[in-house]
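If you want the building blocks of each chain, they are given just below.
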Amino acid sequence: MQSVKGVGRLSLFFTLHPAAALLCSGPGTHPVARGLSSAVGLRPQSISSLVPQPLSSLRSSWPRTWGRQSYLLSKHQTVRPPRAFGAMSTMASAVPTAVSAEWLKDNLDQVKILDASWYLPVMERNAKEEFQKRRIPGAYYFDIDSPPLCMSNTQWPHMMPSAEDFAKAVGSYGISREDHVVIYDGHSVFSAPRAWFMFKAFGHPKVSILDGGFSQWEAAKAPVETDAKPVDTKAPKAVKYECDLLPKIVLDMAEVEANIASRSYQMIDGRPNARYLGEAPEPRPIESGHIEGTYSVPWTEVLKDGKYKSKEELIEVFKAAKVDLSQPCAVTCGSGVSACVVGGALDIVGAPLAPLYDGAYTEWKTSDKPTFKGLDKTPYGRSAL
């Protein structure tokens, strides 16, 4: 009789190691399948039944499930083997970081949609009002700036919630661990990557950003819901959702401070250059500047025409900022939102999921930690950004 525990572990193994899954899902009996079958007491032919979707149908369902290469999805990456950063997640991306409006139109009934729009005060827009009036069909509003999807007992904005709060909120939208979640916002690509990172940080296997956001959806002449829908609308039936925060994926101030001495990873600041250099004010009542040793990759630099740049273009963006993509990276910004835009770009070029300093520059500066202006204490010496 086959071992139930062994089968469960094998299913998890395939989720974490898609390359092995692909070997075992093809025609014939591969030696990998024979070896694994003896370990758990299954016939080799039964191994493929444990390979998670979409891996088990990768060869046979390219056009519908993933598109013919990643450029039909959004011009970015497909599945790739996992790479580890310390004790972080080794889970591979089961779906692309970003998908196109055209792909979403064709697959709308295969995914769960969330509107994670959030705006800075200077943008003079109201995300909740916009959602109530116009949205992608079937979307629920994912409020990154209010409990339970952020911490309530902190002075810092939209801090990561507990696993329990996140699970309860996600389950209330009718989302299960097996669902492919697609997230968008009303500002092309701005706040949706924050929600994308939250799902990734809590280990959700399949989550993507709508490349170009709601504006691209409208440009594709895709259907739009216009009936009034309250932002607190939930699914007719909640589902049980369970998760845990991945280790070392959210950094605190002490860990960032320790990294100044250890240089264990490259901390990338996603704020505009002028704020990084201390030449423009912060949107909050604190002095601008940068944390010692941080790299500057403004979130707008990884986008073109409101969408992510191609993988090749993104590699050049990071190269110009002196970021070594073969070495560990982490991201930060003013309050933990635009940093995730850069985190998405790192994901597209094949880097491991980048940890986020969630308290970000706002926490650091408000806590009277040292900051610097110009190119002082940066990796750039006297070179101009």
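## Some thoughts on the sheet that holds strand 1 (residues 98-99)
Here 5 strands make up an open sheet; going across it, the order is 1-5-4-2-3 and the pairing parallel. Single-partner strands in this sheet number two, and they are strand 1 and strand 3 (140-141). Where strand 2 (residues 112-115) meets strand 3, 2 bridges bridge the pair, whose relative direction is parallel. The residue bridging Asp115 from the neighbouring strand is Tyr141, located in strand 3. Sitting on the sheet, helix 9 (residues 192-201) touches strand 2, strand 4 (181-184) and strand 5 (207-210), and the angle it makes with strand 5 is about 175 degrees.

## Re the side chain of Asp185
Here Asp185 lies in the loop between strand 4 and helix 9. No salt bridge is formed by the buried Asp185; its nearest oppositely charged neighbour, Arg125, is found at 7.1 Å. Side-chain polar atoms of Asp185 contact the backbone nitrogen of His187, separated by 2.7 Å. Only 2.8 Å separates the side chain of Asp185 from the backbone nitrogen of Ala192, close enough to count as a polar contact. Setting aside chain neighbours within four positions, we find Asp185 in contact with Asp115, Ala116, Ser117, Phe190, Ser191, Ala192, Pro193, Gly213 and Phe214.

## Looking at helix 11 (residues 253-262)
Buried within helix 11 are the following residues: Met253, Val256, Asn259 and Ile260. Down the axis of helix 11, the buried set is contained in an arc of 115 degrees. They therefore lie on one face. In helix 11, the exposed residues that point more than 90 degrees away from the buried face are Ala254 and Ala261. On its buried side, helix 11 packs onto strand 6 (250-251), strand 7 (266-269), strand 12 (356-357) and helix 15 (360-366). Its side-chain oxygen 3.2 Å from the backbone nitrogen of Ala254, Asp252 forms the N-cap of helix 11. Of the residues flanking the end of helix 11, it is Arg263, one or two places downstream, whose phi is positive at about 50 degrees.

## So, the pattern of salt bridges
Note on pairing: side chains with opposite charge can pair once their charged atoms come close. For the structure shown, the criterion picks out 15 salt bridges. Here Asp358 makes a salt bridge to Arg194, at a shortest N to O gap of 2.7 Å. With Asp358 in the loop between strand 12 and helix 15 and Arg194 in helix 9, this pair connects stretches of sequence that are 164 residues apart. We classify Arg194 as buried; its relative accessible area is 1%. One salt bridge in this structure joins Lys365 and Glu287, with 3.6 Å as the shortest N-O distance. Remark: Glu287 occurs in the loop between helix 12 (273-276) and strand 8 (295-296) and Lys365 occurs in helix 15; sequence separation between them is 78 residues. Take Lys365: its relative accessible area is 18%, and that puts it in the buried class.

## Brief notes about the packing of helix 13 (residues 311-320) against helix 14 (residues 338-348)
With their axes 9 Å apart at the nearest point, helix 13 and helix 14 run at an angle of 120 degrees to one another. The interaxial crossing formed by helix 13 with helix 14 has left-handed handedness. Contacts between helix 13 and helix 14 pair Lys311, Leu314 and Phe318 from the former with Val342, Ala345, Leu346 and Ile348 from the latter. When its residues are assigned to classes, the contact of helix 13 with helix 14 shows 6 nonpolar, no polar and 1 charged.

## Observations concerning the environment of Val231
Inspection of the secondary structure puts Val231 in the loop between helix 10 (213-219) and strand 6. The exposure class assigned to Val231 is buried, which follows from its relative accessible area of 19%. Distance in space between the C-alpha atoms of Val231 and Phe142 is 8.3 Å, their sequence separation being 89 residues. If near-sequence neighbours (up to four positions away) are discounted, Val231 is found in contact with Lys128, Phe131, Gln132 and Tyr141.

## Concerning the pairing of strand 4
The side-chain alternation of strand 4 yields two buried faces, one formed by Val181 and Ile183 and the other by Val182 and Tyr184. Inspection of the sheet shows strand 2 paired to strand 4 by 4 bridges, in the parallel sense. Paired with Leu114 across the bridge in strand 4 is Ile183. The pairing of strand 4 with strand 5 spans 3 bridges and is classified as parallel. When the sheet's bridge partners are listed, Val182 is paired in strand 5 with Ser208. Traced from strand 4 through helix 9 to strand 5, the parallel crossover comes out right-handed.

## Section: the environment of Gly293
Mapped onto the fold, Gly293 is located in the loop between helix 12 and strand 8. For the pair Gly293 and Phe372, spaced 79 residues apart in the sequence, the C-alpha separation amounts to 9.8 Å. Those residues in contact with Gly293 that lie beyond four places of it in its chain are Arg263, Met267, Lys377 and Pro379.

## Observations concerning the packing of helix 9 against helix 14
Between helix 9 and helix 14, the shortest axis-to-axis distance is 8 Å and the interhelical angle comes to 65 degrees. Taken as a pair, helix 9 and helix 14 cross one another with a handedness that is left-handed. Taken together, the residues of helix 14 that come into contact with helix 9 (itself represented by Pro193, Arg194, Trp196 and Phe197) are Cys340, Val341, Gly343, Gly344 and Asp347. When the residues that make up the contact of helix 9 with helix 14 are grouped by side-chain class, the tally is 5 nonpolar, 2 polar and 2 charged.

What counts as what
Residues numbered from 1 in each chain as written. Predicted model: local features only at pLDDT ≥ 70, side-chain atom pairs only at ≥ 80, totals over all residues. Heavy atoms only, no water. Pairing = 2+ DSSP bridges. Helix = DSSP H or I, 4+ residues; strand = E, 2+ residues; numbered from the N terminus. Contact = heavy atoms within 4.5 Å. Axes fitted to C-alpha atoms, helices over the stretch in contact; angles between N-to-C directions. Buried < 20%, exposed > 50% of the residue type's maximum accessible area, 1.4 Å probe, protein only. Lys, Arg positive; Asp, Glu negative; His and termini not counted. Salt bridge = Lys/Arg side-chain N within 4 Å of Asp/Glu carboxyl O. Polar contact = N/O pair within 3.5 Å; in protein donor to acceptor, adjacent residues only side chain to side chain. Arc of directions from axis to C-beta. Left-handed = near helix turned anticlockwise from the far one by under 90°. Nonpolar A, V, L, I, M, F, W, Y, C, P; charged D, E, K, R; others polar. Right-handed = clockwise from strand over helix to strand, strands pointing away.

All we've got here are geometric facts, nothing functional implied.
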